[in-house]
Amino acid sequence: MADPMRIRAMLIGDLVEVKVLMAHDMETGQRKDVDGNTVPAHYIVSIGATCNGRTVLSAQWGPSIAKNPFLSFRFRHAKKGDKLTVTWTDTGGDTRTDEVAIG
Amino acid sequence: MINSHRRAFFHVTCRVGLSALMVSFGLRSALSWAAESRPAFESRTLDEVFKALGISHPQQSTDITFKAPEIAENGAVVPLEVESKLPQTRSIILVVEKNPHVMTADFSIPEGTEPFIATRVKVAESSNVHAIVKTDAGAFYATKLVKVTLGGCGG
Amino acid sequence: MSMIRCTTLVSLAVLIVSSPATLRAETSTVDAIAEYHAMFGDENPAELWQLRGKNLWEQPRGPKNVALSKCDLGLGAGVIDGAYAQLPRWFDDTQRVQDLESRLVFCMVTLQGFAEERLLKTRFGDGPKKSELEALTAYLVAASRGHKVAVSLTHPAEQAAYDLGRGAFFYRAGPHDFACATCHGEAGKRIRLQVLPKLTEVEGARSAYTSWPAYRVSQGELRTMEWRLADCFRQQRLPQLKYGSEIAIGLTMFLAKNANGGVMTAPAIKR
């Protein structure tokens, strides 16, 4: 079971600034463990963010995104208290969704 | 044999995951785009990325503000920031030229979202890093050289 | 891993002070590294450990199914604000000086009924093998942010811990005849690009002590003071430092005392 994301969403002027930290090992499939065995690839492949039923960001990722990923983006047309939802899905089919109220 | 089998498995799980996500986002129409765009992630060179993304004549642009550290103390985590001043920016793509998988991320920017992305990437060795911006008027890019030092010990 | 160890050995063997010829190049490199650090801003993955640690602290857990709200970190049962900044300290109930991590083990064993062996097995996390102790430590240390380090040596056992730690800091041993002081007893020393703080004086001790535990970007893990000290022992080729041992707690007491008055900023983000 994946650990929760830490999502910050702050309204600054008419822009919502979003900063997300995700708990994920982002294994590239290139690394070897202490016994010399290749650690299988396991990384987030897609991210989506919605606010008021509207997609505000979607992305495709490869294995080159750093471990415990950080993502920041900015969008308009939202107010304080609106809910922002972020979802990721990884190569193993695991998925995690977290929600935060815009502050 | 094992590799191709695994790859096939990966594609299946990946598509299932994506479709579940896209359905939950009410974005069925985006699914075909998402699935089609994955081949770009198999690219080994920048040219292959351009080809896979259907980009024919990318132009260097100073309207892309691309922040990357000149020296990364550790290549495992390299902060990048991209801001496009180009009209109708539809997506921002990050490519790390010398990584085994050069294609790093493809962010699609819907109406109402700023053409701005900050994230952190892995850079396996000193490498050019490219920020590609797709707009209605074609594709543009900006490039930064990131030098990677090996950390010492301890700290 | 073996490569890291190999370079570590070489680095330690040729520990050097900057030569004038390369000084200018090094200055610009140091500036560039500072710029790299600045780009992280306040966004520290250590927060993912803090989130997990908060849950572990608040949820009823273990064979006895109780929360850690009765755990006394020195300021009373369940009080966490500023508690870390006053550790290590003497505890009447255990009749010993304890640091945060050994205190946590004590609470989890006595209050929640966990087996000590199980807790220590995952004292340091590694990817999918997650450490509850690291997560709890991250959460509890963060609750001391903004507090001044304020350890006391008024109890004789606290003074004894400090003396033991001070002795260990200067004690040369192992195949390289190294002591902590070999690297951290003089100002201006470096290993490659890493400036080594002089831990025997206020400035260096404060900057180092107040920023640990830290998220290590090179490992993608949050590392605690117990890990930091254990890794210093490994680098010196000394026998493995026992978690929660008198030496570990004594060294922590020595460093904390030297850092007294410094404002806690940990968990930090480091290379």
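These numbers come from a predicted model, not from an experiment.

Draft legend 1. Summary view of the confidence of the model for chain B. All names here are of chain B. Scored by pLDDT, chain B comes out at a mean of 80, with 72% of its residues at no less than 70. Predicted confidence for residues 1-36 stays below pLDDT 50, and this span has 38 contacts to residues more than four positions away or in other chains. Under a pLDDT of 50 for its full length, residues 151-155 has, in the predicted model, 22 contacts with residues more than four places off or in other chains.

Draft legend 2. Quick peek at the sheet that holds strand β7 (residues 268-270) of chain C. Residues and elements named next belong to chain C. One open sheet accounts for three strands, arranged β6-β5-β7; its pairing is mixed. With one partner strand each, in any of the chains shown, β6 (221-223) and β7 form the two edges of the open sheet. For this sheet, the mean angle separating the axes of adjacent strands, direction not counted, is 35°. Pairing of strand β5 (residues 214-216) with β7 involves three bridges; the strand directions are parallel. Each bridged residue has a counterpart across the sheet, and for Ala-214 the counterpart in β7 is Ala-268.

Draft legend 3. Examining the environment of Arg-237 of chain C more closely. Structurally, Arg-237 of chain C can be placed in the loop between α10 (225-235) and α11 (246-259). Taking the C-alpha atoms as reference, Arg-237 of chain C lies 7.3 Å from His-176 of chain C; in sequence the two are 61 residues apart.

Draft legend 4. Representation of the interface of chain A and chain B in the model. On the chain B side, the residues contacting the 34 residues of chain A number 36 residues. For the side of chain A that touches chain B, the elements supplying multiple residues, two or more each, are β3 (44-51), β4 (54-61), β5 (70-75) and β6 (83-90) of chain A. Here the residues of the side of chain A that touches chain B sort into 14 nonpolar, 17 polar and three charged. Bridge count for β5 of chain A against strand β7 (residues 116-121) of chain B is two bridges, and the pairing is antiparallel. Bridge pairing in β7 of chain B places Ser-72 of chain A opposite Ala-118 of chain B.

Draft legend 5. How the structure looks around the packing of helix α4 (residues 100-110) of chain C against helix α6 (residues 132-142) of chain C. Residue and element names in this part refer to chain C. Following both chains from N to C, one finds α4 and α6 inclined at 120°, their axes separated by 10 Å at the closest point. Every pair of crossing elements has a handedness; the one defined by α4 and α6 is right-handed. Where α4 approaches α6, its residues Leu-100, Glu-101 and Leu-104 are matched on the opposing element by Leu-133, Leu-136, Thr-137 and Leu-140. Among the residues making up the contact of α4 with α6, the classes are represented as five nonpolar, one polar and one charged.

Quick notes on the rules
- Residues numbered from 1 in each chain as written.
- Chains lettered and ligands numbered in written order.
- Predicted model: local features only at pLDDT ≥ 70, side-chain atom pairs only at ≥ 80, totals over all residues.
- pLDDT = per-residue confidence, 0-100.
- Contact = placed C-beta atoms within 7 Å.
- Pairing = 2+ DSSP bridges.
- Helix = DSSP H or I, 4+ residues; strand = E, 2+ residues; numbered from the N terminus.
- Axes fitted to C-alpha atoms, helices over the stretch in contact; angles between N-to-C directions.
- Nonpolar A, V, L, I, M, F, W, Y, C, P; charged D, E, K, R; others polar.
- Left-handed = near helix turned anticlockwise from the far one by under 90°.

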